[in-house]
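# Inside the fold
Read off the chains here:
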Amino acid sequence: MLREGSGANSPKGYSLVEDRPRCYFTLGKDYCPAATNNKWTDYYMSYIERTSQVLTNAARMDPQDFKRIYNGNDGGTYKCSTRTLPPLRYSANAQQAALKESQMLADPNCPFQHDTCNKYCRLYGGKCNWDARISKYESNWRGMGENIAMTQRNLKEEPSAPVLQWLASGPHCSNIFSGDFSHLGTGAYDRYWTQDFLKLSGSTNNPLHDGTHYLHPAKTGGKLRFMASFKSSSAPNKMEVVVNGQAKSMSLHLGSSAQGLYAYEQSQPGSSAGCISYYFVVTTSSGSTYNMPETGAFQTATRDHGSGKEKGCSSRWTPPTRHATRREMATDHKGGAPMTEDADLALAK
């Protein structure tokens, strides 16, 4: 566990939202029950969760350049053995388990721990152990690990803050740089963050693992940076981000051409610019084309760095006005070899 600062501050009027699934851009409606179903709410993961996950994968793909570009004045060094690793796939089920943990951590009546707070054990059949929570949402895991953090209140919406904390702590750093995991879900609530790592079997053809935008005056030089993680057997023929309908060429930001983070930067929009929509498109060396998100587009607007919040967007994702050229279905989680136990909180079965 890692905790920064003191006190267990949480939002006033705190309440745990029970069984609210998180939709994700690579799975789209496949993992999002209809909004008309009273039991579910249909929406996509937040900008800060998405960006934190992209930065985690950036560290895995290129530890040294990530440290040089994103650690900067935040200081600290890696507290574990690092190596170049492929990016982790997103797991919508791990995302939901991670969000639930962060919500419980924000409850002033709950301790800062991995195991489920006693008052919420009923959600998991009366079981309070942390793996029971994750197993409720993803039962086909072959191994799992978890990182939790509480950031300083003024950094609660800064996606790099928990990642840098974890990298500066041995057990958490080891989870991030473990070759035993294949999927990751990140959940943020108030100033509390959770990463749930899973070992799952199955595959998907989309070489775009994740994508986001990033606004940070120091780490992006005051620019609006669009970023997408790419992993394939060879470099892409073309990588673009389509911003308000205009295709912009992306270049390698860190890592290698076949396994790296690609980026495009532009001036930060003014306060009157309104909402900006964007999505990523890659053409592979074989000529196949993939989008991220697969349908629709993400949104961003001017950021007020004083409050750390984005302004002017009514939602973080817009419904599709076109269909992706090739749609990837949810990963088929079957079979898979057992893995060994690893890190501070890691299980295998």
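First things first, this report covers the structure right here in the doc.

Definitions and cut-offs
Residues numbered from 1 in each chain as written. Predicted model: local features only at pLDDT ≥ 70, side-chain atom pairs only at ≥ 80, totals over all residues. Heavy atoms only, no water. Helix = DSSP H or I, 4+ residues; strand = E, 2+ residues; numbered from the N terminus. Buried < 20%, exposed > 50% of the residue type's maximum accessible area, 1.4 Å probe, protein only. Disulfide = S-S within 2.5 Å. Pairing = 2+ DSSP bridges. Core = buried A, V, L, I, M, F, W, Y, C linked by side-chain atoms within 4.5 Å. Axes fitted to C-alpha atoms, helices over the stretch in contact; angles between N-to-C directions. Parallel < 35°, antiparallel > 145°, perpendicular 65-115°, else oblique. Contact = heavy atoms within 4.5 Å.

Turning to the environment of Ala-297, a few remarks are in order. As for its placement among the helices and strands, Ala-297 is situated in strand S13 (residues 297–300). A relative accessible area of 8% means that Ala-297 is categorised as buried. Residues Ala-297 and Ile-276, spaced 21 residues apart in sequence, show a C-alpha to C-alpha distance of 9.5 Å.

A few words now on the state of the cysteines. Within this structure, the stated rule accounts for 3 disulfides. Each sulfur in the disulfide pair Cys-80 and Cys-173 lies 2.0 Å from the other. Judged by the torsion about the S-S bond (-55°), the Cys-80/Cys-173 disulfide is left-handed. Here the residue Cys-80 occupies a position in the loop between helix H2 (63–71) and strand S1 (89–90), and Cys-173 occupies one in helix H6 (residues 170–176), the gap between them amounting to 93 residues. On the basis of relative accessible area, Cys-173 is assigned to the buried category, the value being 0%.

Okay, the pairing of strand S11 (residues 276–283) next. Burial of S11 is extensive: 7 of the 8 residues sit out of reach of the surface. Bridge analysis of strand S7 (residues 238–243) against S11 gives 6 bridges, and the strand direction is antiparallel. Residue Val-242 lies in a different strand from S11, and its bridge partner there is Tyr-279. Pairing of S11 with S13, which is carried by 3 bridges, proceeds in the antiparallel orientation. Bridge pairing in S13 places Tyr-278 opposite Phe-298. In this structure, S11 lies alongside strand S12 (residues 289–292), joined through 4 bridges in antiparallel fashion. Paired with Phe-280 across the bridge in S12 is Met-292.

As a further point, take the pairing of strand S10 (residues 259–267). Among the 9 residues in S10, 7 count as buried, and that is most of the element. Judged from the 9 bridges that link them, strand S6 (residues 223–231) and S10 form a sheet pairing that is antiparallel. Residue Lys-223 lies in a different strand from S10, and its bridge partner there is Ser-267. Connecting strand S9 (residues 251–256) to the next strand, S10, in antiparallel fashion are 2 residues.

Looking now at the nonpolar core. Side chains of a nonpolar character, in soluble globular proteins, are inclined to be buried together. Counting residues in hydrophobic clusters, the biggest one holds 32 residues, and the most contacted among them are Phe-66, Tyr-70, Leu-167, Phe-177 and Met-227. Listing elements by their share of this core, those giving two or more residues are helix H1 (47–61), H2, helix H5 (160–167), H6, strand S3 (183–189), strand S4 (192–199) and S10. The leading source of residues in this core is H1, at 7 residues. Counting 19 residues, the second largest nonpolar core, distinct from the first, contains Leu-215, Ala-228, Val-241 and Phe-298.

Before going further, it helps to spend a moment on the packing of H1 against H2. Across the interface, H1 lies against H2 with an axial gap of 5 Å and an inter-helix angle of 130°. Considering their axes alone, H1 and H2 lie oblique with respect to each other. In this structure, H1 contributes Leu-55, Ala-58, Ala-59, Arg-60 and Met-61 to the contact, and H2 contributes Pro-63, Phe-66 and Tyr-70.

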